[in-house]
Structures are given as structure tokens and as C-alpha cells.
Amino acid sequence: MAKLRVGVVSPEREIWSGEADMVIAKTVDGEIGIMPQHAPVLGVLVEGGVLRVKREGKGDLVAAVHGGFISVADDEVSVLAEVAELGSEVDVAAARDALERAQASIEADQEDADAAIEAKRAKARLRAAGEEV
Amino acid sequence: MGAQLRLLRRRIKSVKSTAKITRAQELIASSRIVKAQMRMQAALPYEREITRAVTGVVSNASSVDHPLTVAKENPTKAGVLIVTSDSGFCGGFNANVLREAEALRGLLKSRGLDAIPFVTGRKGVTWHSFRNRTMGGQWVGFSRKPAYGDAKEIAELLIESFKDENGIDEIHIVSTEFVSMLTQNVVVKRILPLEVEETEASESDVIPPYFEFEPTAADVLESLLPRYVESRIFTALLESAASEEAARRRAMKSATDNANELIRVFTMQMNQARQAEITQEISEIVGGANALADAAAGKE
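Residues numbered from 1 in each chain as written. Chains lettered and ligands numbered in written order. Predicted model: local features only at pLDDT ≥ 70, side-chain atom pairs only at ≥ 80, totals over all residues.

Q: Any chance you could break down the overall build of chain B for me, citing the residues and the numbers?
A: In terms of helices and strands, chain B carries 5 helices and 6 strands. If you list the helices and strands of chain B from N to C, you get α-β-α-β-α-β-α-β-β-β-α. For 300 residues, the compact-globule estimate of 2.2 N^0.38 gives 19 Å, and the C-alpha radius of gyration of chain B, at 31 Å, exceeds that figure by more than 25%. With the principal axes as the frame, chain B shows a C-alpha extent of 125 × 40 × 35 Å. (Helix = DSSP H or I, 4+ residues; strand = E, 2+ residues; numbered from the N terminus. Rg over C-alpha atoms; globule rule 2.2 N^0.38 Å.)

Q: Any details on the packing of helix H1 (residues 92–108) of chain A against helix H2 (residues 113–128) of chain A? Residues and values, ideally.
A: Residues and elements named next belong to chain A. At a minimum axis separation of 8 Å, H1 and H2 run at an interaxial angle of 150°. One element, H1, and the other, H2, form an angle in the roughly antiparallel class. Crossing angle aside, the handedness with which H1 passes H2 is left-handed. On H2, the residues that touch Val92, Ala95, Arg96, Ala98, Leu99, Ala102, Gln103, Ser105 and Ile106 of H1 are Ala115, Ala116, Glu118, Ala119, Ala122, Lys123, Arg125 and Leu126. In terms of residue class, the contact of H1 with H2 is built from 11 nonpolar, 2 polar and 4 charged. (Axes fitted to C-alpha atoms, helices over the stretch in contact; angles between N-to-C directions. Parallel < 35°, antiparallel > 145°, perpendicular 65-115°, else oblique. Left-handed = near helix turned anticlockwise from the far one by under 90°. Contact = placed C-beta atoms within 7 Å. Nonpolar A, V, L, I, M, F, W, Y, C, P; charged D, E, K, R; others polar.)

Q: I'd like to hear about the domain arrangement of chain A, residue by residue, with values.
A: Think of interface size as the accessible area that goes away when the parts come together; that is how it is often given. All names here are of chain A. When the domains of chain A are assigned, the result is domain 1 (4–87) and domain 2 (89–128). Spacing between the C-alpha centres of domain 1 and domain 2 amounts to 23 Å. With 11 residues of domain 1 at the interface, the matching set in domain 2 holds 10 residues. Elements represented by at least two residues in the side of domain 1 that touches domain 2 include exactly strand S6 (49–54), strand S7 (61–66) and strand S10 (83–86). Here the side of domain 1 that touches domain 2 takes 4 residues from S7, the largest share from any one element. A breakdown of the residues in the side of domain 1 that touches domain 2 according to their chemical character gives 5 nonpolar, 4 polar and 2 charged. (Domains from an automatic or database assignment.)

Q: How would you sum up unusual backbone geometry? Please name residues and give values.
A: Residues and elements named next belong to chain A. One non-glycine residue, Gln37, adopts positive backbone phi at about 70°. By the element assignment, Gln37 lies in the loop between strand S4 (30–34) and strand S5 (41–44). Given 10 C-beta atoms within a 10 Å radius, Gln37 is considered exposed. A positive phi angle is found at Asp74, which is not glycine, with a value near 50°. Asp74 gets classed as exposed once you count the C-beta atoms within 10 Å, which come to 11. (Buried ≥ 20, exposed ≤ 12 C-beta atoms within 10 Å, placed from the backbone.)

Okay, here's the thing in C-alpha cells:
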């Protein structure tokens, strides 16, 4: 079976690139699963989403992806993330800490949009690291 | 005579310590260039992908009339982003950028546009405030190591002003392009409105695939274009950082070379002075001895 060539890039570095069988990402319309021979798509990713790359014989590659795009063409998948972090790179303690702080400021001020985004990001990072949120 | 010798010794000592400093600066700059180049390389994939995505959207969406791509009628103001460095000691680096920015200002004026400077880097900011030029925005403190957040901040202000009815109608960027260790060019680019080029696709060209959009082409463009502008600004900042270090390395190298040349000349003068002193002492002694001898011969 044909493979997908996947690249996950952020403005400051290339996070990961390699071959995969399936890519699952969360766009603003909902989850999208990409398999080889997929029609060309350009989608906007949600803030605080989790990207899952399924590989044969190896474990899934999971990354927290905050904003950005996914573009698919000719079995090439590029994930352009403003900020991205591999699940294995996530500092769980720091993410939990950030989540608690964000939730505290949401409780204090319901309108705090920054804190809401911050909470989403922290949740995505924890989920990417395989933690329960 | 001894006074001249002392003076030369003192000058040599001071030039030597200056040479030590410039030599150290040169080495620091060399190692920083490598790091800056690595950052440039790391940012390349993102820029390439985002350019491809923008090309894809623009060539697929039949009617591209997003506010960021359409040139405004009767433009009156243009924003010029000028990328300079925070610190000096880098030769003509900032002077070149500012000269090019002045040329652009004149060019815009001839088209009836007012140029509003947006300046990054302490040197550029000082230059503008010294001349009492009002700046649309100023950012300092990151010229050596720009982060994506810095580019984002700049892009946000520029885009906001661009979307504003009474704001700027065009955005240009004046920065230094890093070609190689030895060559850096000042370049002027227009980043907004985007130029949509209608090119005839030749057969060798790969025709961009027909994209589906999630959710819609307009929404994708809406969030893609600001990212594209950010990426362009980020690239300019990174290239400028690498160029700054390259310019600094070159400036410091010629300073060190000049200092070494001075030391050579001074050392030669010092040796001559010392030799002259010795020669004079000898002739004085010989003269004195002869005089004594003559006096003794006269007595007898």
C-alpha cells in the first residue's frame, strides 16, 4: 500500500517528518482522517488540537498542535503549526501547572479569552503526552 | 629622546589591547553566524510549505478578493518595515539599510504615497527619532535572535493598520538578505497587497492540485494570509540577524587587521628611535672620550 509522506513543521523548526499510513487531525470542522490517495485538502486546524500519525509496526506519533493548517496533495501531508510539540517532548508537570493556572484565571474572570486558549493548549499537550485530562 | 620612545611604547600597548577586543568580537560574530544560519535553515520548511499553500489557495479560488490581496484604489500611505540591528560595530550594515529605505521613501513619494516607517532594531529607531520622524511602530531587543513571536507581533500591527480604512495601503519591507558569508544584499520587497501573478503554466510546471477546503476557501485564506505575512517577516528577521553577524565579523576583521598594521608601523618607529638613542649615546661617549684624550695630550 502506498504510504503518506508526512511533515510536521513549525516556524522555528521541523518537528518531524517521515512515512505514515494515516494522519488524524482536528480541523475547525471536526476531525479529519487522511489515508493514502486522499483528495487534496487544505484545512484550518483548531487551537489546542492533537495530531495523531499512525505508522505500521511502530507506535502512533502524537503531537500537540496549536493553530495552523494541514495540507494534503499527492500523498504528501504537511502540517503547518504555529506551535507544535511532540507528545514525547511534553513536560507533563509544567503542562499540568499551566492548566491549573489557566483554570484559576478562568474561574476568576469568565471573559478571559487568553486563559481559555491557554487552558486548551495545556489540555492538548497533556493529551498528546498520553495523560488523562 | 627617551620621551618619544615612551610615547610609542604606550601607543603600541593601547593598540594591542584594542586589537584583542576586536579579535574577540570577530570570533564571537563568526560563531553566531553559524547559529543564525542554522535558525534560517530550520525556518525554511515552514516558509516553503506556507508559500505552497498560499499558491494553492490563490490559484484554486476562482475569485480572490480578500482584503489582503486586493490593491486599494488611490493608495495614500505605505508602511515600510525597516529591519536594522540593535548594536553597532557592524560596519555599514545599518547605513545600507537606512539608505535603501530613504530611496524607497523617495520612490513612494513620487507615486504620491506617504511612507510611514515601522522600525525594528535600536539603531534604526535612534536614527528615526533623531530626525524627528514619526514611526508607525518600533521594536527593539531581538535583532540578534528573533523569535517567531516577535514576527507575529510586528505582523499583527501591520495587518491591523492595513485593514484599517485610514491606515496604510501597502506594506514594504527593507531588510538585508543573507547570500553567503561574504555577500549580503539590501532588498526591498512588497509584502502586501500580495501580487497575484497570472502566469501561463508551461507543460513542465506541476499544476497545483485542486484543493478541497475545510471549512471554506475564504476562511482558509482568512487565516492563511496573516500566517504567510508573519512567515515572510520572520524570514526577513532571521536573514537580517545572520547578515548582521556577518557584517560585524567583517568589520571586526578589518579593525583587527588595521590594528596589527599600526602595531607593525609603531614597532618599527620605536626600534628606530631606540637605535637613534643608542647611536647618540655612543657618539657622545666617544666624543667625550676624545675630548678627554685631547685635553690630556694638550697638558703634556
